[in-house]
Amino acid sequence: MLKSLSLFLLAAFVLCECLPAQDATQIIEQANERMQGESSKAEMTMQIVRPNWERSVSFKSWSKGEDFSLILITAPARDEGTAFLMRENEIWNWLPDVNRTIKMPPSMMSQSWMGSDFSNNDLVRESSIVTDYTHKLLQDTTINGYDCYRIEMIPKPEAPIVWAKVHTFISKDEYLQLRSEFYDEDDFLVRIMKGSEVKEIGGRLIPTKLEMIPLEDEGNKTIVTYQNLDFNIDISNQFFSIQNMKRIQ
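Residues numbered from 1 in each chain as written. Predicted model: local features only at pLDDT ≥ 70, side-chain atom pairs only at ≥ 80, totals over all residues. Heavy atoms only, no water.

Given 3.6 residues to a turn, an α-helix orients residues that are three or four positions apart in the same direction. Helix length check: helix 2 (residues 24-36) (13 residues) gives 18 Å between terminal C-alpha atoms against 18 Å at 1.5 Å per residue, within 8%. Along helix 2, the positions that sit buried rather than exposed are Ala24, Ile27, Ile28, Ala31, Asn32, Arg34, Met35 and Gln36. The N-capping residue of helix 2, defined by a side-chain oxygen 3.3 Å from the backbone nitrogen of Thr25, is Asp23. Downstream of helix 2 by one or two residues, Gly37 has phi in the positive range, about 65 degrees. (Helix = DSSP H or I, 4+ residues; strand = E, 2+ residues; numbered from the N terminus. Expected span 1.5 Å × (residues − 1). Buried < 20%, exposed > 50% of the residue type's maximum accessible area, 1.4 Å probe, protein only. Polar contact = N/O pair within 3.5 Å; in protein donor to acceptor, adjacent residues only side chain to side chain.)

Here it is, written out as structure tokens:
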């Protein structure tokens with residue numbers, strides 16, 4: 001009996017050793033694909049909250065892979081028609097009020113997007129959480145009742161990223177990105193992004209509410225809410241052009 005038990009435990013150990021463990025990069029890839037797909041179209045509302053005022057911005061967003069994205073502001077009226085385009089390594093901004101197209105330099109990517117707590121890079125996505133970071137699994141934890149992987153992301157030396165590191169929390173069951181913590185070069189936690197209101201939208205279960213909180217500015221936060229989202233839409237590379245950016249509706 002003892003011999004049989006020993007053989008069973010040995011077989012179980014060998015089996016576990018042979019099974020491929022999912023590494024941190026694979027988890028990030030799964031989470032990124034869930035939120036992005038091969039291509040997508042979304043309608044969103046952004047609420048910018050300050051201690052003494054609030055402002056709302058509505059916009060549409062199209063994306064394809066890691067290289068193409070287009071954002072169109074639809075409200076308020078004073079900003080309607082303003083657009084942002086990423087095409088491979090170039091970022092463009094269309095300002096209809098002054099009839100001007102601006103090529104955005106890398107130095108602008110860390111600046112505020114439309115006066116919010118999200119940066120230009122957060123929305124236009126010049127950097128990639130998959131290819132611009134190295135990934136390391138840390139101790140598992142629980143977020144809002146979800147068992148989560150905690151993954152440390154360190155920017156690669158050539159990546160256009162201002163953070164020294166990011167800790168992201170991804171649920172084990174559906175690969176939901178439920179929280180991200182952004183640290184500066186002095187290892188201070190600068191801001192937190194929370195994902196909540198998990199719902200099925202576009203045929204996928206995702207957090208439909210994203211809340212960015214800058215810790216140094218008490219009372220400030222920005223909330224992005226998805227109204228509509230379609231994945232794997234039929235869209236060509238030519239859609240993401242400067243000409244189309246000016247006339248998209």
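Once you've had a look at it, read on.
The next subject is the nonpolar core. Among the nonpolar cores identified, the biggest contains 44 residues, and Met46, Phe59, Trp113, Ile151 and Tyr226 are the most heavily contacted of them. Discounting residues that sit within four places of it in the chain, Ile151 has contacts with Ala24, Ile27, Ile28, His135, Lys136, Leu137, Val166, His167, Thr168 and Ile170. With 13 residues, the next largest nonpolar core counts Leu70, Leu72, Leu85 and Ile235 among its residues. (Core = buried A, V, L, I, M, F, W, Y, C linked by side-chain atoms within 4.5 Å. Contact = heavy atoms within 4.5 Å.)

Checked against the element boundaries, Cys148 lands in strand 9 (residues 146-155). On the basis of relative accessible area, Cys148 is assigned to the buried category, the value being 0%. Considered as a pair, Cys148 and Ile170 are 22 residues apart in the sequence and their alpha carbons are 5.1 Å apart. Dropping the residues within four chain positions of it, Cys148 is found in contact with Asp140, Thr141, Ile143, Phe169, Ile170, Ser171, Lys172 and Leu178.

A few words on the pairing of strand 14 (residues 221-231). Strand residues, when the strand is regular, have side chains that alternate between the two faces of the sheet. When strand 1 (residues 39-50) meets strand 14, the two strands line up antiparallel, connected through 10 bridges. Across the sheet, Val49 pairs through a bridge with Lys221, a residue of strand 14. Sheet topology places strand 13 (residues 204-214) next to strand 14; 4 bridges connect them, and they run antiparallel. Across the sheet, residue Glu211 finds its bridge partner in strand 14, namely Ile223. Between strand 13 and strand 14, which pair antiparallel one after the other, the connecting turn spans 6 residues, and Gly219 there sits at a positive phi close to 90 degrees. (Pairing = 2+ DSSP bridges.)

Summary statistics for the protein give a mean pLDDT of 90 and a share of 91% for residues scoring 70 or more. Across the protein, strand 11 (residues 177-183) holds the top mean pLDDT of 98, while helix 1 (residues 2-18) sits lowest at 41. Below a pLDDT of 50 lies the segment residues 1-20, which in the model reaches 0 contacts outside its immediate sequence neighbourhood of four places, other chains included. (pLDDT = per-residue confidence, 0-100.)

Under the criterion given, the structure shown has 6 aromatic pairs. A centroid spacing of 5.5 Å and a plane angle of 55 degrees characterise the contact between Trp62 and Phe239, whose relative ring orientation is tilted. Of the two residues, Trp62 is situated in strand 2 (residues 53-64) and Phe239 in the loop between strand 14 and helix 4 (242-247); the sequence distance between them amounts to 177 residues. Of the two residues, Trp62 and Phe239, neither departs from the other in class, the shared state being buried. Measuring from ring centre to ring centre gives 5.5 Å for Phe68 and Phe240, while their planes differ by 35 degrees; the resulting arrangement is tilted. In this pair, Phe68 sits in strand 3 (residues 68-75) while Phe240 sits in the loop between strand 14 and helix 4, placing the two residues 172 residues apart along the sequence. The same class applies to Phe68 as to Phe240, namely buried. Through a chain of ring-to-ring contacts, the aromatic side chains of Trp62, Phe68, Phe239 and Phe240 assemble into a single cluster. Over the face of the ring belonging to Tyr183 we find Lys165, whose NZ or CZ atom lies 4.7 Å from the ring centre. Lying across the ring of Phe182, Arg191 places its NZ or CZ 4.1 Å from the centre. (Phe/Tyr/Trp six-rings, centres within 6.5 Å; stacked < 30°, edge-to-face > 60°. Lys NZ or Arg CZ within 6 Å of the ring centre and 35° of its normal.)

Quick look at the environment of Tyr226 now. Counting through the fold element by element, Tyr226 comes out in strand 14. Tyr226 sits 180 residues away from Met46 along the chain, and the two C-alpha atoms are 9.0 Å apart. Every residue in contact with Tyr226, bar those within four places of it in the chain, is listed here: Met35, Ala42, Glu43, Met44, Ile201, Pro207, Thr208 and Leu210.

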